[in-house]
There are 2 protein chains.
Amino acid sequence: MNSKIKWLKEKIRGLNMQGMIVSNPVNVEYLTGIKAEGVLLITRKENYYITDSRYLEEVQSILTIDDEIIVCNAADITDYEYENFFSFCENVGFEENYITYATYKKYMQRYKANNLEETEGILEKQRMIKDETELEYLKKACSLTDSCFSHLINYIKIGMTEKEVAREIENYFFENGADGLSFETIVASGKNSSKPHAKATDKKIEAGDPITIDFGCKYKGYCSDMTRTIFAGFVPEKIKPVYDLVLKNQIQTLKEMKEGSEIRILTRNVDNDFKLHGYSLVHSLGHGVGLEIHEQPVLSLKNDSTLKANMVITNEPGIYIPGEFGVRIEDTLQITKSGCINLTKSDKNYIIVDKLERENIKS
Amino acid sequence: MNSKIKWLKEKIRGLNMQGMIVSNPVNVEYLTGIKAEGVLLITRKENYYITDSRYLEEVQSILTIDDEIIVCNAADITDYEYENFFSFCENVGFEENYITYATYKKYMQRYKANNLEETEGILEKQRMIKDETELEYLKKACSLTDSCFSHLINYIKIGMTEKEVAREIENYFFENGADGLSFETIVASGKNSSKPHAKATDKKIEAGDPITIDFGCKYKGYCSDMTRTIFAGFVPEKIKPVYDLVLKNQIQTLKEMKEGSEIRILTRNVDNDFKLHGYSLVHSLGHGVGLEIHEQPVLSLKNDSTLKANMVITNEPGIYIPGEFGVRIEDTLQITKSGCINLTKSDKNYIIVDKLERENIKS
């Protein structure tokens, strides 16, 4: 049996559950490699993947005999068979953070389980710690992101629109072996950079604009995530102290990140230093990265857990001055026992694209 | 007050609900134009949109005074305020098809509502019938899709990969004013076309390949959806009868679609005709299209409702012969009182790209 499913079987047994319904497609992909619409049933005896005719051929082609998964077409399963999957099971786990209230009610009726039990995100928690293969894919995605950034520095010119830059990022990833984007690329220039969650617009990049570029790609399903705030033409004096403050905190956090670090304290340190200067940390300090761009853990003041070796997370402090500008600097990194390893390695000092001669600067 | 929220307030009053929690971001976008993460609360007096600091500036910039929506930062709302939103409400509606079981439990605790009542998809049902503005955006998205297809016919050459064709589609939409893709473009050539839900791969297009292209774009948030199965070099004789059968049924269905048509019967007619020839309809006959690529209604044997004027739906019969080939032909269309209007208008006869001279055909 594949090792992840074996782990899951043991885990739920320890929780006094005799079966589990895995509905979240990302968790199904994590356990089996299957990317489709369907439900994975872990039962006392066999494991079943129930899908529909659209995916049957594809799913069959992905699985090997070692997976020990029986693939079924939902259209062929009778009510009686549904009731039998979990017969003699006292507790059957379900994903309360994924399935809707309506689906919960449907499952209750369909499976006639004695008790559907909340699994409290066991799979999402397990997914926080990456294995060797996952780390390899994440490193590759991050390295593609670094090389894309190197390309961008020479590509971006004053007068280009944010959308053109975002498009170039997509083209670069496409031409260099990525599966696709981790998320919709953010290119926010000038005032637009003051929105933490801006989208690329038709605004043209002007001399003196800060440009926040938040982007990443997927490699074999695994995501990268990096942000740099760079400058068009020159670095305006008023932005420098904010940039320096963000960068100082980003680097300080990197130094503090290792197995055992308290997430709440890491976040509070940054927020406190920002407040000392009249700003504050308006979003979380970071998040886990894996098959999804946002995974556990969330690095926020509310999280009272600690970092663990082989978590892959982001470190992304930012300061936003509404209507003026914003600065965010973000890396994806791997936690180790003694520290952390930056997987994104691009320069974080002032980067000026399409640099202007001194006499052309009006700041 | 904006007319859609006014409609919703009257609707829930008729259902003996005194408030509603709108959590599905697509429903929030439909009602308010807001594209963000947050929750819309329809209460006895005011309407509130609760979001976080990342979106505050953007959301404020979208809303007008006519929207009568108070925007709040979740971080500033106390437990006491949460409890007061729905005080003196007997029943408060929630979206049982969207919120998770865990969120349902959180809402129960947070809002201290007397009773959280399932709204049975009232918003999704209302979204089935498009207004004038929505129809305008859908028409524009479909017209961009037609012009993209015209471009493709001249662009595709034998030897190109499926991914290159998919990329050209994205580039075309990007350069011609679309917001983005409706969904990940399907380009499935040769044997790959036998998978109804194939993705574009690195396979090169060969002479004699059928190529199923299923694609669409978004315009002002609204989606288009079209499929054509075209041919590289020449049309293999063995595919012709299957193509003709799919096309005959696609056209026949278009003739039968109008306000009052029974969805089940439309679907059964196609399935019956396919079975008469030894095939069957393995997926639904179509689906609603709007802010989401897949909306209600689903055109399947299980749906016992009828079509209504100003629904926008797809008509997409397909036949798939595992390991050999597949054919699917799909239009997006608007239902009217007397019939339907095709919004995608591309040719459906045999289309041959990179046509070979007769002496080069080995079929």
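The coordinates are above.
Residues numbered from 1 in each chain as written. Chains lettered and ligands numbered in written order. Predicted model: local features only at pLDDT ≥ 70, side-chain atom pairs only at ≥ 80, totals over all residues.

Draft legend 1. Geometry of the sheet that holds strand 20 (residues 352–353) of chain B. All names here are of chain B. Overall, mixed pairing links the four strands, which are arranged 8-9-12-20 in an open sheet. Edge positions in the open sheet fall to strand 8 (186–189) and strand 20, since each of these has one partner strand only. The sheet contacts of helix 8 (residues 162–175) involve strand 8 and strand 9 (210–215), and relative to strand 8 the element is tilted by about 150°. (Pairing = 2+ DSSP bridges. Helix = DSSP H or I, 4+ residues; strand = E, 2+ residues; numbered from the N terminus. Contact = placed C-beta atoms within 7 Å. Axes fitted to C-alpha atoms, helices over the stretch in contact; angles between N-to-C directions.)

Draft legend 2. Expanded view of the relation of the copies chain B and chain A. Superposition of chain B onto chain A requires a rotation of 180° combined with a translation of 0.0 Å along the rotation axis, giving an RMSD of 0.0 Å. Such a turn and shift between the copies fits a two-fold axis. Taking the C-alpha atom as reference, chain B places B:Thr100 closest to the rotation axis, 1.9 Å from it. (Least-squares fit on C-alpha atoms with pLDDT ≥ 70 in both.)

Draft legend 3. Quick peek at the interface of chain B and chain A. In this assembly, 21 residues from chain B lie in contact with 21 residues from chain A. Among the elements of the structure, helix 3 (56–62), helix 5 (101–111) and helix 8 of chain B are those that each provide at least two residues to the side of chain B that touches chain A. The element best represented in the side of chain B that touches chain A is helix 5 of chain B, accounting for three residues.

Draft legend 4. Region of interest: the pairing of strand 17 (residues 325–328) of chain A. Residues and elements named next belong to chain A. The side-chain alternation of strand 17 yields two buried faces, one formed by Phe325 and Val327 and the other by Gly326 and Arg328. For strand 16 (residues 318–321) and strand 17, the ladder comprises four bridges, and the chain directions are antiparallel. Following the sheet pairing, Tyr320 is matched in strand 17 by Gly326. Counted along the chain from strand 16 to the antiparallel partner strand 17, the turn is three residues long, and its residue Gly323 has a positive phi close to 80°. (Buried ≥ 20, exposed ≤ 12 C-beta atoms within 10 Å, placed from the backbone.)

Draft legend 5. Local environment of helix 7 (residues 132–155) of chain A. The terminal C-alpha atoms of helix 7 of chain A, which comprises 24 residues, lie 35 Å apart, in line with the 34 Å expected from a rise of 1.5 Å per residue. Listed in full, the buried residues belonging to helix 7 of chain A are A:Tyr137, A:Leu138, A:Ala141, A:Cys142, A:Leu144, A:Thr145, A:Cys148, A:Phe149 and A:Leu152. (Expected span 1.5 Å × (residues − 1).)

Draft legend 6. Region of the structure containing the packing of helix 7 of chain A against helix 8 (residues 162–175) of chain A. Residues and elements named next belong to chain A. Between helix 7 and helix 8, the shortest axis-to-axis distance is 10 Å and the interhelical angle comes to 135°. When the axis of helix 7 is compared with that of helix 8, the two are oblique. Of the two elements, helix 7 crosses helix 8, and the hand of that crossing is right-handed. Residues Leu144, Cys148, His151, Leu152 and Tyr155 of helix 7 touch helix 8, and the partners they reach there are Glu168, Ile169, Tyr172 and Phe173. Its residues assigned to classes, the contact of helix 7 with helix 8 shows seven nonpolar, one polar and one charged. (Parallel < 35°, antiparallel > 145°, perpendicular 65-115°, else oblique. Left-handed = near helix turned anticlockwise from the far one by under 90°. Nonpolar A, V, L, I, M, F, W, Y, C, P; charged D, E, K, R; others polar.)

Draft legend 7. Structural context of the environment of A:Gly318. All names here are of chain A. For Gly318, the location among the structural elements is in strand 16. C-alpha separation for the pair Gly318 and Arg328, spaced 10 residues apart in sequence, amounts to 4.0 Å. Once you skip the residues sitting within four places of it in the chain, Gly318 turns out to touch Pro196, Val246, His283, Gly326, Val327 and Arg328.

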